[in-house]
Amino acid sequence: MSQFQTETTGVIQQTAHEINRGVDQSIQGMTAQRSAFEASAVQAAATFTGIREELQTALQERAVVEQEMLQATRTGIIHILTEANRTFHKQTNTLQTVGNQASGLMNDAKDNLLATLGNIDATLTATRQTVEDDLTRFREEYQTNLQIFFQQQNNLLEGTLGEQRDGLSGVVNNLDQVFREEFERRSKLTQ
């Protein structure tokens, strides 16, 4: 009887040890999962901040360049018109020539202005496309990394549960063997 009690106590202690080991592995898995989520959130915030800062810098630089070009065009037009007016007053006999020159210069200025405005539109469109491409790439990379992470967590959980299942199966088999041996021993004693 004391042998049965000793063997039963041993089996129960082994079962308790296996259960404690399984709980410890589950806690470690949850801790790793939480750390991975935190790292992923920090990476996403840094990426969005960098994209926003680059876009703001590009737009500010482009606005300064466009302002300078428009100011230079305006100054050029004012200078041309002033010279045309002065020439008109001084040389009435060359009025047609001066008028043609002023008209040509104004057309060039208009073409330059339209080209500049068209360039702004193309620049903004290109910037928008770049931001969209960067955000799409980031979303796809983030989704892929998240799927890989969940697959790793799933594999870890399956491995942990498999080890616990195997451990419990061994305990049950040992307990079954002990009960069978005890039953046979008692049967022999009663005969």
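The rules behind each value
- Residues numbered from 1 in each chain as written.
- Predicted model: local features only at pLDDT ≥ 70, side-chain atom pairs only at ≥ 80, totals over all residues.
- Heavy atoms only, no water.
- Helix = DSSP H or I, 4+ residues; strand = E, 2+ residues; numbered from the N terminus.
- Buried < 20%, exposed > 50% of the residue type's maximum accessible area, 1.4 Å probe, protein only.
- Polar contact = N/O pair within 3.5 Å; in protein donor to acceptor, adjacent residues only side chain to side chain.
- Contact = heavy atoms within 4.5 Å.
- Salt bridge = Lys/Arg side-chain N within 4 Å of Asp/Glu carboxyl O.

A. Quick look at the side chain of E66. By the element assignment, E66 lies in helix α1 (residues 2-90). Exposure remark for E66: the relative accessible area of 6% places this residue in the buried category. Engagement of the side chain of E66 in a polar contact is seen with the side chain of R62, the distance being 2.3 Å. When neighbours within four sequence positions are excluded, E66 is seen to be in contact with T116 and I120.

B. Local environment of the pattern of salt bridges. In this structure the tally under the stated criterion is 6 salt bridges. Across the salt bridge formed by E66 and R62, the nearest N and O atoms sit 2.3 Å from each other. Here R62 and E66 lie together in helix α1, a separation of 4 residues that amounts to about one turn. Relative accessible area serves as the criterion here: at 22%, R62 is assigned to the partly exposed category. The salt bridge involving R165 is made with D166; its shortest N-O contact spans 3.8 Å.

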